[in-house]
Amino acid sequence: MKTSFKTCTLAAALILSALSAHASDGKSQQPHLRAYDLPDHDPIGEPPGDATPDRTVDITARETGSGYMLFDPDALHIENGAVVRFRVTNSGKLDHTFFLGSFDEVTENRQWMQEHPDMTHDAANFISIPSGETGELIWKFSDVTNLEFACLVPGHRDAGMWGVIIVHDHLASPAGY
């Protein structure tokens, strides 16, 4: 009887520990779903609501003849508190995306997209830009931080399609680049 009870107790403990190992706070499950709203989220800012953009940043997404994929420009300086309209023009032959997030979020979202390539995004910090088209993303930067923007199509970031945003409490140059 004691052996049977110990076996059942051990089995229950193993099952409970296995279940708790798969439990999550939701941060890494479907990371694309309004990650900027999650508790303990790295500060990246937020959708601006009705605020009018302070500036527009034009970015070109393209492929090169040697197989690289890139955003131009790929480094931006933005003043903390600014509302920025990103106007992303895809001059390449392939469809691309533009995802704005912390470095960890970009990594999580890239992994998610590799595992679910047919999934569609519906988030304020993400846009799809078909070949030959232009898309817009408007964002309010509310923390001094460093962020990344990247194309989440599998393989595109690895081919060079990413950039950085440095959010300052001051700007290094009048143009903001």
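Here, the structure is the one placed above.
Residues numbered from 1 in each chain as written. Predicted model: local features only at pLDDT ≥ 70, side-chain atom pairs only at ≥ 80, totals over all residues. Heavy atoms only, no water.

Asks: Please provide a residue-by-residue account of the nonpolar core, values included.
Replies: Ile59, Phe71, Phe86, Val88, Phe98, Phe141 and Ile165 are the most contacted members of the largest nonpolar core, which totals 26 residues. With residues near it in sequence (within four places) discarded, Ile165 still touches Leu76, Ile78, Phe86, Leu100, Phe141, Thr145, Asn146, Leu147 and Phe149. (Core = buried A, V, L, I, M, F, W, Y, C linked by side-chain atoms within 4.5 Å. Buried < 20%, exposed > 50% of the residue type's maximum accessible area, 1.4 Å probe, protein only. Contact = heavy atoms within 4.5 Å.)

Asks: I'd love a proper account of the pattern of salt bridges, names of residues and values included.
Replies: Applying the stated criterion to the full structure yields three salt bridges. With a closest N to O distance of 2.6 Å, Asp58 and Arg87 form a salt bridge. Highlighted residues: Asp58 in strand β1 (residues 55-63) and Arg87 in strand β4 (residues 83-90), separated in sequence by 29 residues. The class of Asp58 is partly exposed, set by a relative accessible area of 42%. (Salt bridge = Lys/Arg side-chain N within 4 Å of Asp/Glu carboxyl O. Helix = DSSP H or I, 4+ residues; strand = E, 2+ residues; numbered from the N terminus.)

Asks: Give me the pairing of strand β2 (residues 69-72): which residues, what numbers.
Replies: Judged by which residues are buried, β2 turns out to be one-sided: Met69 and Phe71 face inward and are buried, whereas Leu70 and Asp72, on the alternate face, are not. Relative to β2, β1 runs antiparallel, the two sharing four bridges. Directly across from Ala61, in β2, lies its bridge partner Phe71. Between β1 and β2, which pair antiparallel and follow one another directly, the connecting turn spans five residues, one of which, Gly67, has a positive phi of 100°. (Pairing = 2+ DSSP bridges.)

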